[in-house]
Amino acid sequence: MQTKFKLIIASIFLLLFIGNALASTEEDFLRLINNERSNLGKNNLVLNSDLTEAAYLHAKDMAEKGYFSHTSIDGTSFSTRIKNAGYTGYYALGENIAYHYGSPNAEIVFSMWKNSAGHYSNMISSNYNEMGLGVYYFNGYTYYVQDLGKRKIASPPPAPQPEIPPQVNPTPEENNNPPQENNPPQETEPLILNINVTKTESGRYFFFKVTGGLNEKSYAQYTLNEKTKKICNKCNKFRMNYRITKENFPEEGVKVLYQIKDTSGNILNKEVVLI
């Protein structure tokens with residue numbers, strides 16, 4: 001009985017370790033690839049939640065179904081998978097895939113791709129400025145998918161120019177008694193943020209898809225586990241994807257704080273609990 005209890009504890013510890021390792025592998029890989037790009041005078045890549053979702057689901061699919069290809073078993077291409085995850089309006093897309101025996105390790109997969117001309121060309125290409133890394137550990141092997149992209153960003157409309165009233169030469173009477181205008185302050189519409197949360201799960205993870213809608217274009221950011229990250233600079237809708245291991249999921253849920261700031265400086269804070 002005691003031996004069985006020890007085995008259960010060991011299994012739980014292993015699952016917790018793997019879940020934490022997957023998240024740290026993504027962060028470590030982003031650091032490695034951006035160091036390489038910086039040394040070459042290239043722009044840094046930023047993580048994109050839609051690309052991360054597409055990459056993770058393909059890594060999971062390859063691992064669990066036992067194949068290795070940019071094309072899914074059902075015939076879906078990598079570009080279609082990326083579009084299905086919500087990444088649209090792009091200039092360019094790219095994908096790297098790899099697997100090896102053992103637990104997740106950012107340095108191993110980075111070295112594998114760096115020593116392959118085609119994969120390395122993708123990693124350092126100036127055609128991309130966003131990426132997602134999917135990491136999936138299954139039956140002793142780790143599968144990786146890196147999806148890369150660059151989207152079309154619409155130019156903002158020109159700022160309205162203030163109207164200049166016509167110049168009038170006042171008569172002596174008007175000059176001595178200038179008219180007083182009473183201009184009431186303009187009322188601004190309050191910020192409104194609508195949040196919708198969709199939850200799915202696999203054997204090991206909870207997946208949360210959070211969509212946000214704003215009544216006017218604003219700067220948006222979120223804070224999770226005391227880390228604050230930018231969502232968008234000027235948008236009226238956004239979508240975020242969160243993947244949390246079931247073993248690390250607290251009973252009270254996970255709190256995410258969204259902060260919105262419009263062009264007038266108005267700020268709206270809204271807390272969402274993922275449960």
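See above for the structure.
Residue positions within a chain follow its written sequence, with the count starting from 1. Reporting in this predicted model follows two pLDDT cut-offs: at least 70 for local features of residues, and 80 or more for side-chain atom pairs to be given and counted; totals over whole chains, interfaces and linings ignore these cut-offs and use all residues. Note: side-chain values were computed over all heavy atoms of the structure, leaving out hydrogens and water.

Draft legend 1. Representation of helix α2 (residues 49-65). Every helix listed is a DSSP run of H or I at least four residues long, and every strand listed is a run of E at least two residues long, numbered separately from the N terminus. Expected helix span is computed as 1.5 Å times (number of residues minus one). An ideal rise of 1.5 Å per residue puts 24 Å on 17 residues; α2 measures up with 24 Å between its terminal C-alpha atoms. With 13 of 17 residues buried, α2 is to be regarded as a mostly interior element. Two or three places before Asp50, at the opening of α2, Asn48 has a side-chain oxygen 2.9 Å from that residue's backbone nitrogen. Each residue is assigned to one of three classes by its accessible area relative to the maximum for its type, calculated with a 1.4 Å probe on protein chains only: buried under 20%, partly exposed between the two thresholds, exposed over 50%. The definition of a polar contact used here is a pair of N or O atoms within 3.5 Å, where within protein one atom must be able to donate a hydrogen and the other to accept one, and adjacent residues in sequence count solely through side-chain atom pairs.

Draft legend 2. Inspection of the pairing of strand β5 (residues 193-201) at higher detail. By this definition, two strands are paired if DSSP reports at least two bridges between them. Bridge count between β5 and strand β6 (residues 205-224): 9 bridges; the pairing is antiparallel. Of the residues in β6, the one forming a bridge with Ile195 is Gly212. Linking β5 back to β6 in an antiparallel pair, the connection comprises 3 residues.

Draft legend 3. The pairing of strand β8 (residues 254-261), seen in detail. Of the two faces of β8, only one is covered, namely that formed by Val254, Val256, Tyr258 and Ile260; the face formed by Lys255, Leu257, Gln259 and Lys261 stays uncovered. Hairpin connection between β8 and strand β9 (residues 267-274): a loop of 5 residues separates the two successive antiparallel strands, and Gly265 in this loop has a positive phi of roughly 90 degrees.

Draft legend 4. Just the nonpolar core, in detail. Tyr222, Ile231, Tyr242, Tyr258 and Leu274 are the most contacted members of the largest nonpolar core, which totals 23 residues. When residues of this core are traced back to their parent elements, those giving at least two are β6, β7 (227-245), β8 and β9. Residue contacts are counted whenever heavy atoms from the two residues lie within 4.5 Å of one another. Beyond its immediate chain neighbours, meaning those up to four positions away, Tyr242 contacts Phe206, Phe207, Phe208, Val210, Tyr222, Leu224, Val256, Tyr258 and Leu274. Only buried residues count toward a nonpolar core, which is a set of Ala, Val, Leu, Ile, Met, Phe, Trp, Tyr and Cys residues joined through side-chain atoms within 4.5 Å. Counting residues in hydrophobic clusters, the runner-up holds 20 residues, among them Leu45, Tyr128, Met131 and Val135.

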